[in-house]
Structure formats: C-alpha cells, structure tokens
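Chain and residue survey
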Amino acid sequence: MAKHYKIKRYKKTGGHTYKARPHPLTVLLCIVLVGGLVYLGIVIYQPVYDFVMSIGQDSADDAGMAQSGDPAVSAEPPVASQPDPDPEPEPPQTVNGLTAVFMPFDIAADAAQAKAFIDRLDSATNAVMVEIKNSQGQLLYDTKVARALEWEAVSDKLIDLSGIAAMLREKDKHLIVRMHAFSDPIAARGDRELNAIKYQNSDMLWLDNYADRGGKPWLNPYVPEVRSYLIEVATEAVGIGAAMVVMDSVRFPDDMTGSASFGA
C-alpha cells in the first residue's frame, strides 16, 4: 500500500527559495511566553536574593561567634564568675601628739583611785599609760587570750581596763598600755619545748641568772608562736580601748657567758 507524504512547498523569488511565513497566532504566543518569563524573573528576583544573602549572613555570624569565644560554640568551658573579695579592713587610726603620765598598778587596780587620778589631770595631759603585762609574764587585766588562760598567766589582782578607757574618753583623753615582751618566764615555761631559750647543746631552760638568785627563763624571739602570742595580747588591748601599745623588754637577754641557744 502506497505511503502518503505531505509535500511542503516553497516560494521562489528571483531564483531564491524561502520558507513560508509563520502564522500570526504563533508569533503572538511566542511574544506572550517571553513576556511571561521576563515578568516571572522580575517577581522572584528579590526573594531569591534575600534568601541567598540570608544564608551567607548566618554563616558569617556563626563563624564570628565561634571566633569570639561564644560559650555555646567555644571548645573551652565557660569561666565561673568569682565572688567579689572581702574588703580590706581599715587600719587603726594613728594618734599623734600624745602627752601621757603613768598610772601605777595599785592605783589602776582601784576604780575609785583611778577615777581620782584621771580627774586631777591637767589640760596639757591627754593620755594615761597603764601596765597590762609585767616582766614576770603576768597579765594584769581580764584577758580572754586562750594561751594566757592555759598557762595561768592572769594575775589575781586585775585592773578594769575597759573602765579606765571609758573614764578617759569622757575627759577626751587616750589610753596607752605597756606590756613586757620577751621577759616572760610564765610563757617560757608554759611551752618550754617551743617557746623558751635553751642552754647550748641542752634541753634545759636558759636562765638570766643563777636559780638561787632569782634567775628566770626568757621567750625566744625567733619563734613565730612567741610573736603571735604577744600580738594577740596587744590586739586584745586595742580592742578594749587602747590607742597605743608600748612594748618593753623587746630585746635579747644579757648573756655574759654566751651559753644561750636560740635554735637553728
């Protein structure tokens, strides 16, 4: 059976062959299609641009956070905040220009005599000194220092240190206390293994004279516990009301024979 073929005809002009002109409807449809594509591109351009830029900005932010040490992305654990340090205690105020007189222990130990003594002070005298620790190691006031109580270093007869301080404040005057430091046989015997000066190459307590002549042991100035004991007594006196602490016997004992040993 013979096949049917569609014969496409061409127009000839001046010896040249031309295709047939497209149908007008086809041209119109092409124009509409191209216009639609252009419009679609205009419409979706801004959302696509914003989306792409947002992805880039998020990546840059993540990188910046990682470099800046953000705890959420940093490999190092966050440092715990430290509490504020306690404020430094205020140093005690220094009192200058004191003109003092010494109140003997017998007067200081009697409240009435102590008051009369203070009442008789002239205007040029603005301070009174009393002794609170003698050269025998006795504390002459009602101390709360634990080592003094343990060593039975408190005297049987005491002065009312806080009462004297109060009477002086009423007169706008100051209290000064005196205490012996290393001349202290009570504390030396209280912890003889640690506190006292020894004879060389011996565990015997060194005495500043023959025993039958009243020789007594001394505290060893090199021992930290000795110094802390003296500071504790002085600090307590300041807390009671003393404006100044004067220390006596702050020295090494006289050692004419060179037999004293102060340790390594």
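Residues numbered from 1 in each chain as written. Predicted model: local features only at pLDDT ≥ 70, side-chain atom pairs only at ≥ 80, totals over all residues. Heavy atoms only, no water.

Let us now look at the environment of Tyr199. Mapping Tyr199 onto the fold places it in strand β8 (residues 198–199). Expressed as a C-alpha distance, the spacing of Tyr199 and Ser259, which sit 60 residues apart in the sequence, is 5.6 Å. (Helix = DSSP H or I, 4+ residues; strand = E, 2+ residues; numbered from the N terminus.)

Right, let's get into the environment of Val101. Among the structural elements, Val101 can be located in strand β3 (residues 100–102). As for Val101 and Leu121, which are separated by 20 residues in sequence, their C-alpha atoms are 8.9 Å apart. Discounting residues that sit within four places of it in the chain, Val101 has contacts with Phe117, Leu121, Thr125, Ala127, Val128 and Met129. (Contact = heavy atoms within 4.5 Å.)

Three or more residues of helix α5 (residues 161–170) are buried, namely Leu161, Gly163, Ile164, Ala165, Met167 and Leu168. Immediately beyond the C-terminal end of α5, within one or two residues, lies Asp172, with a positive phi of roughly 60 degrees. (Buried < 20%, exposed > 50% of the residue type's maximum accessible area, 1.4 Å probe, protein only.)

Counting 43 residues, the largest nonpolar core has Met103, Val130, Ile132, Ile164, Leu175 and Tyr229 as the members making the most contacts within it. Of all the secondary-structure elements, those providing two or more residues to this core are α3 (111–119), β4 (127–133), β5 (139–141), α5, β7 (174–180), α6 (185–190) and α7 (224–240). Filtering out sequence-adjacent residues up to four positions away, Ile132 remains in contact with Gln138, Leu139, Leu140, Tyr141, Ile159, Leu161, Val177, Arg178, Met179, Val233 and Ala237. (Core = buried A, V, L, I, M, F, W, Y, C linked by side-chain atoms within 4.5 Å.)

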